[in-house]
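Listed below, chain by chain, are the residues.
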Amino acid sequence: MSDGPRRGIYVAAWRRLRGNRAAVVALATLVLLVAASLAGPAVSPYAIDQVDWSLNPLASPPALGTGHWFGTDGNGRDLFVRVCAGTRISLLIAVLATAVSLAIGVAWGATAGYVGGRLDDWMMRVVDVLYALPYMFFVIILTVVFGRNLFLIFLAIGAVGWLTMARIVRGQALALRSQPFVDAAITLGLPTHRIIARHIVPNVVGTVVVYATLTVPQVILFESFLSFLGLGVQEPLTSLGRLVAEGSLEMESAPWLLLAPSTVLALILLCLNFLGDGLRDALDPRQR
Amino acid sequence: MAQAPLLAIDGLRVAFDAEGGTLQAVRGVALDVRPGECLAVVGESGSGKSQLFLACLGLLAENGRATGSACLDGDELIGSPEAQLETVRGARVGLVSQDPMNALTPHLRIGAQLVEYVTDRGLMSRSQARARALELLGAVGIDDPESRFGQYPHELSGGQRQRVAIAMALMPGPGLLVADEPTTALDVTVQAQVLQVLRRLREGGLTIVLITHDLAVVAGVADRVAVMYAGVVVELAPVAGLFASPRHPYTRALLDSIPRLDAPADRLSGIEGQPPGPHERIVGCAFAPRCRQARDQCRRSEPAPQAAGESVWACHAPLPRGWTT
Amino acid sequence: MSTPLLEVRGLRVEYPARGWGGRRGSVVPALHGLDLALDDGRSLGIVGESGCGKSTLVRSALGLVAPSDGEVRWRGWTVDTRDRARMRQMRREMQVVFQDPFGSLDPRLTAGESVAEALQALEGVTDAAPTRQRVSAAFAAVGLDASLASRYPHELSGGQCQRVAIARATIVRPRLLICDEPVSALDVSVQAQIVNLLAELRRRDRTALLFISHNLAVVRHLCEEVAVLYLGRIVERAPRDSLFLAPRHPYTRALLAAVPDPDPGEAARRSRAESPTVVADRLPAAGGCPFSPRCPLAVDRCRIEPPELESTGDGAVAACHRWRELPTAQLD
């Protein structure tokens, strides 16, 4: 029984998702945002680190004539291009870090919850201990030891982010383990890893998807915090969180510096939440 | 026929809006509940037996709509404002559901739940409520009500919980008790006990509607039985007549499928096939596809109810009347 | 005598009572030293109320619960979950149907996939064509239309789900089918269908059957021998006719009396004469017969000295001090 029915469940899920107007709008908005962030720099006459010396003062409000659609920052750099770049970086970090935490968290949590007993105790103690470690301290050590680079940032964030995922998945797996269909799978003599992969993990997808869409914004915010401390993305690259942090310093003199990136950030978070809700409903076959 | 009915249901329909069309759960039911009787409503899952009474009490799910009429002591319930339905549910009709755990809050003591159920709405003073709770716990056969008062729901057995749930539904002194599958989740021994409680309550003058899928449990409790199939009442008759000489083939088939201690043990006679799905459009008699007596007429036109004495049935080819009245 | 297919010897299963803060130590015994044997091709019914240990018995027979004491033997081999090869062999021959028709199927697999999974796991059949063929044959055998194979459990009725579960359990033609309350969650009309289906499959394959239920009337239609369980102990075990016609243990009588009688006159008569044994609220005694607090016949001896199983003739055994004093005629 290979692809046919498997595909069936996702085709049906996609159909249900399309029936959910909020989710469709959210998905379309996200796609548009990603497309804009990719195409934006090509459309704009300015580069990300290019200072427009023609301006006086350097930080000028949005204007169509100059081509600075979102205005410029205190260094005369075009904000539109910088927001595009920031969106790309933020989403990249968020998606990759979430993927890392998803992979580790689901595998860890499902195994602990399903196998139970000693192994569960042991695995969850590991999670507890990692929880107890100061989060920042952990990331700082990583960056100090391995130097600063983008890859490391999302690895570090993902490596910490999986803890909550593992706990959530473990709880679900624990509940699933007492379901008769899992007993039935055992009496069919299926090996443990196969039961986890085929019967446990697919049944936690709904919860996992919702939690993942909540993790993405967390990661974006956490990245901006790291950047603020000087441990995150380095100039001239930027991220949404960093732009918001910078903008907030100039809130009174140049409000656009805060408004533009934070609007994009808020939009992304909103869309992800709607999409997550829609996905959860669509992926649950019990939903009609 | 002399007495005015306590609850008069007429032309009641319940439909649910769902993806892919409207589901007809109840397709036009007329039913009277007489004061002081125990009326059993029997049907398979999906027959609309529960939705019928949930509709009367304004408890349908969000996407459900009820049309038609249901009068409780002369007050129309269908389409009446929520505030009025709340007083009906709170004081005039008690409801007991299948899972006794649903009715009881796990973190509150039994006594507190029973008392607060009525004092919160100012129906009784605390001391009155306490006295009534003790009396009712005794009436539903709970040993030593005083000490049970301080216990939590998880300290009781399933049967005890169900009986406490019945006591709770009776706290405000409703004239009608609707018990929806009260024994389905219970062991046979405990089931017998709960049925005994219902029987005693009826002897005490309470009007009861007993909703169940199991004809066997109604034999010793009910005065009249309404058999539902695919959203309509296919037969309504006094209990003795219905068991001795059912007129509708579906009733006969339901009776035959009961596992008995005194019948030959080799084979049970079940009802082949499935009831119509909720999306199916029903033409003619809904039971025709599973009916051994079905004729062409049954597949074309829906049978109209026919009455003889106390009995009503909806069938083109009713079974011959037996030896009983 | 040949080796029984399934044998349970002195089986004791305890569950750790895990209180607040995960304190361990105290245990709740679910089974107190049970002895049972089921020969190839035979059928045994296990009857009792919830909490009597029926499900624990099933779970330990399947190797899902480890016994605290005693042993479960499959064809003379003491079941040992560490011996993977023997376990595989046993699972190939021992299959199960659970009570909850919806819960026993993975909500994310279609009915066909659930059945195909059994074929793959137990016989290693993975090719699409033979799988499809065997699955449709299994569907036909349980009276399901092959078109239902692509449906998900929530798109099926309870009875249909239970048929799928039976198809999954019987597709490899096991020697023993264990049914844990397979009809209690179903409508009465559907119960009859499922009971008949099980009887048919049993005739076809000469499968042995271990059938668990709280309703004696259902057991009567399927089982040649019946064991009555009360609080983790067998209180009576007898061939079907002897149990139903001449029950020896007061608890068996209480169970029989509790089966609802679909005859209004009879039901009314019986309800008036109802015996106090039906009251299920009282806690078991610390010593003595566990049934004594509920037993209408209990005397002082019953509260002090626990009765042993003793032969009552006709191949029946009962654990009651006073079984001789009970009239042998049927209850009513």
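Only a predicted model underlies this, so the values are computations on that prediction, with no experimental measurement involved.

Asks: Please clarify how the overall build of chain C should be interpreted in this entry.
Replies: Within chain C, the secondary structure is distributed over 11 helices and 12 strands. Of all 332 residues assigned to chain C, the portion counted as buried reaches 58%. Considering only contacts within chain C whose residues lie at least 6 apart along the sequence, 64% involve residues at least 24 apart. Of the roughly 13,500 Å² that chain C leaves accessible, carbon and sulfur atoms contribute 49%.

Asks: Help me understand the sheet that holds strand 12 (residues 316-318) of chain C, please; the structure alone is not making it clear to me.
Replies: Each strand in a sheet pairs with its neighbour through backbone hydrogen bonds, running either in the same direction (parallel) or in the opposite one (antiparallel). Residues and elements named next belong to chain C. Here 8 strands make up an open sheet; going across it, the order is 6-7-8-3-9-10-12-11 and the pairing mixed. Two strands in the sheet have a free side with no partner beyond their single neighbour: strand 6 (94-97) and strand 11 (310-313). Sheet twist, expressed as the mean angle between neighbouring strand axes with direction ignored, is 20 degrees. Bridge analysis of strand 11 against strand 12 gives 3 bridges, and the strand direction is antiparallel. Along strand 12, the bridge assignment pairs glutamate 310 with alanine 318.

Asks: Looking at this structure, I do not really get the sheet that holds strand 5 (residues 75-76) of chain B. What am I missing?
Replies: Residues and elements named next belong to chain B. Spatial strand order, 2-1-4-5: 4 strands in an open sheet with antiparallel pairing. The outermost strands of the open sheet, each flanked by one partner alone, are strand 2 (21-33) and strand 5. Relative to strand 5, strand 4 (residues 64-72) runs antiparallel, the two being bridged by 2 bridges. Bridging from a neighbouring strand, cysteine 71 pairs with glutamate 76 of strand 5. The sheet contacts of helix 1 (residues 49-56) involve strand 1 (7-18), strand 2 and strand 4, and relative to strand 1 the element is tilted by about 105 degrees.

Asks: It is not clear to me how the confidence of the model for chain C should be interpreted in this structure. Could you clarify?
Replies: The predicted structure's coordinates, where accompanied by low pLDDT, should not be read in detail. Residue and element names in this part refer to chain C. Predicted confidence across chain C gives a mean pLDDT of 85, with 89% of residues reaching 70 or more. Mean pLDDT across the elements of chain C bottoms out in helix 10 (residues 264-272) (69) and peaks in strand 3 (residues 43-47) (95). A low-confidence stretch, residues 19-23 (pLDDT under 50), is modelled with 2 contacts involving residues beyond four sequence positions or located in other chains. Residue range residues 275-280 is modelled with pLDDT below 50. Its contacts to residues more than four positions away, or to other chains, number 17 contacts.

Asks: How should the interface of chain B and chain C be read in this particular structure?
Replies: It is common to give the size of an interface as the accessible area that goes away when the parts come together. Taken together, the contact pairs 46 residues of chain B with 44 residues of chain C. Overall, the association of chain B and chain C removes approximately 3,700 Å² of surface from exposure, summing both partners, and the carbon and sulfur fraction of that is 53%. Three residues stand out in chain B for area buried against chain C, namely Val188, Thr189 and Leu261 of chain B, and they jointly supply 19% of the buried area on that side. At the boundary of chain B with chain C, the tally comes to 0 salt bridges. Linking chain B to chain C there are 9 residue pairs in polar contact (both at pLDDT 80 or more). Among the secondary structure elements, those contributing two or more residues to the side of chain B that touches chain C are helix 7 (158-170), helix 8 (188-203), helix 9 (215-218) and helix 10 (239-244) of chain B. Top element by residues in the side of chain B that touches chain C is helix 8 of chain B. It accounts for 8 residues. Looking at the side of chain B that touches chain C residue by residue, the classes come out as 19 nonpolar, 15 polar and 12 charged.

Asks: Quick question: what am I supposed to make of the environment of glutamate 246 of chain A here?
Replies: Along the chain, glutamate 246 of chain A falls in helix 9 (residues 240-249). Residues in contact with glutamate 246 of chain A, not counting those within four places in the same chain, are Arg82 and Glu235 of chain A.

Asks: For this particular structure, what's the right way to read the pattern of salt bridges?
Replies: A side chain with one charge may pair with a side chain of the opposite charge, provided their charged atoms come close. Throughout the structure, instances matching the rule amount to 37 salt bridges over all chains. Two residues, aspartate 256 of chain B and arginine 252 of chain B, come together in a salt bridge whose shortest N-O distance is 3.3 Å. Placement of both aspartate 256 of chain B and arginine 252 of chain B in helix 11 (residues 249-256) is noted, with a separation of 4 residues, approximately one turn of the helix. Residue aspartate 256 of chain B is classed as partly exposed on the basis of its relative accessible area, which comes to 35%. Looking at arginine 252 of chain B, the relative accessible area reads 32%, which means it is partly exposed. For glutamate 181 of chain C, the salt bridge identified is with lysine 54 of chain C, shortest N-O distance 2.8 Å. A residue pair is termed long-range when its members are at least 10 positions apart, and glutamate 181 of chain C in the loop between strand 7 (176-180) and helix 6 (188-205) and lysine 54 of chain C in helix 1 (residues 54-61) qualify at 127 residues. The same class applies to glutamate 181 of chain C and to lysine 54 of chain C, which are both buried. Overlapping salt bridges bring together Glu7, Arg9, Glu71 and Arg73 of chain C as one network.

Asks: Could you clarify how one ought to interpret helix 5 (residues 135-146) of chain A in this entry?
Replies: Two residues of an α-helix separated by three or four positions point the same way, owing to the 3.6 residues in each turn. Between its first and last C-alpha atoms helix 5 of chain A spans 17 Å; for 12 residues at 1.5 Å apiece the expected length is 16 Å, and the two agree. Immediately beyond the C-terminal end of helix 5 of chain A, within one or two residues, lies glycine 147 of chain A, with a positive phi of roughly 80 degrees.

Asks: Hey, could you run me through the interface of chain A and chain C in this one?
Replies: Between chain A and chain C, the contact holds 27 residues from the first and 31 residues from the second. Between aspartate 183 of chain A and arginine 59 of chain C there is a salt bridge, with its nearest N and O atoms 2.6 Å apart. Seen at the junction of chain A and chain C, the total is 9 residue pairs in polar contact (both at pLDDT 80 or more). Taken together, the elements giving at least two residues each to the side of chain A that touches chain C come down to helix 1 (3-18), helix 7 (180-187) and helix 8 (192-228) of chain A.

Asks: Mind showing me how you'd approach the packing of aromatic side chains here?
Replies: Given two aromatic rings, one states the distance between the centres and the angle between the planes to describe the pair. Per the stated rule, a full pass over the model turns up 7 aromatic pairs over all chains. Relative to phenylalanine 287 of chain B, the ring of tyrosine 229 of chain B has its centre 5.1 Å away and its plane inclined at 85 degrees; by these criteria the two rings are edge-to-face. On the criterion of sequence distance, the pair formed by tyrosine 229 of chain B in strand 9 (residues 224-229) and phenylalanine 287 of chain B in the loop between helix 11 and helix 12 (296-300) is long-range, its members being 58 residues apart. For the pair tyrosine 230 of chain C and phenylalanine 291 of chain C, a centre-to-centre distance of 5.1 Å together with 85 degrees between the ring planes defines the contact as edge-to-face. Here the residue tyrosine 230 of chain C occupies a position in strand 9 (residues 225-230), and phenylalanine 291 of chain C occupies one in the loop between helix 10 and helix 11 (300-304), the gap between them amounting to 61 residues. The cationic tip of arginine 121 of chain B hangs over the ring face of tyrosine 117 of chain B; the distance from NZ or CZ to the ring centre is 4.9 Å.

Definitions and limits used
Residues numbered from 1 in each chain as written. Chains lettered and ligands numbered in written order. Predicted model: local features only at pLDDT ≥ 70, side-chain atom pairs only at ≥ 80, totals over all residues. Heavy atoms only, no water. Helix = DSSP H or I, 4+ residues; strand = E, 2+ residues; numbered from the N terminus. Buried < 20%, exposed > 50% of the residue type's maximum accessible area, 1.4 Å probe, protein only. Contact = heavy atoms within 4.5 Å. Areas by Shrake-Rupley, 256 points an atom, 1.4 Å probe, with all protein chains shown as cover. Pairing = 2+ DSSP bridges. Axes fitted to C-alpha atoms, helices over the stretch in contact; angles between N-to-C directions. pLDDT = per-residue confidence, 0-100. Buried area = accessible area lost by both parts, 1.4 Å probe. Salt bridge = Lys/Arg side-chain N within 4 Å of Asp/Glu carboxyl O. Polar contact = N/O pair within 3.5 Å; in protein donor to acceptor, adjacent residues only side chain to side chain. Nonpolar A, V, L, I, M, F, W, Y, C, P; charged D, E, K, R; others polar. Expected span 1.5 Å × (residues − 1). Phe/Tyr/Trp six-rings, centres within 6.5 Å; stacked < 30°, edge-to-face > 60°. Lys NZ or Arg CZ within 6 Å of the ring centre and 35° of its normal.

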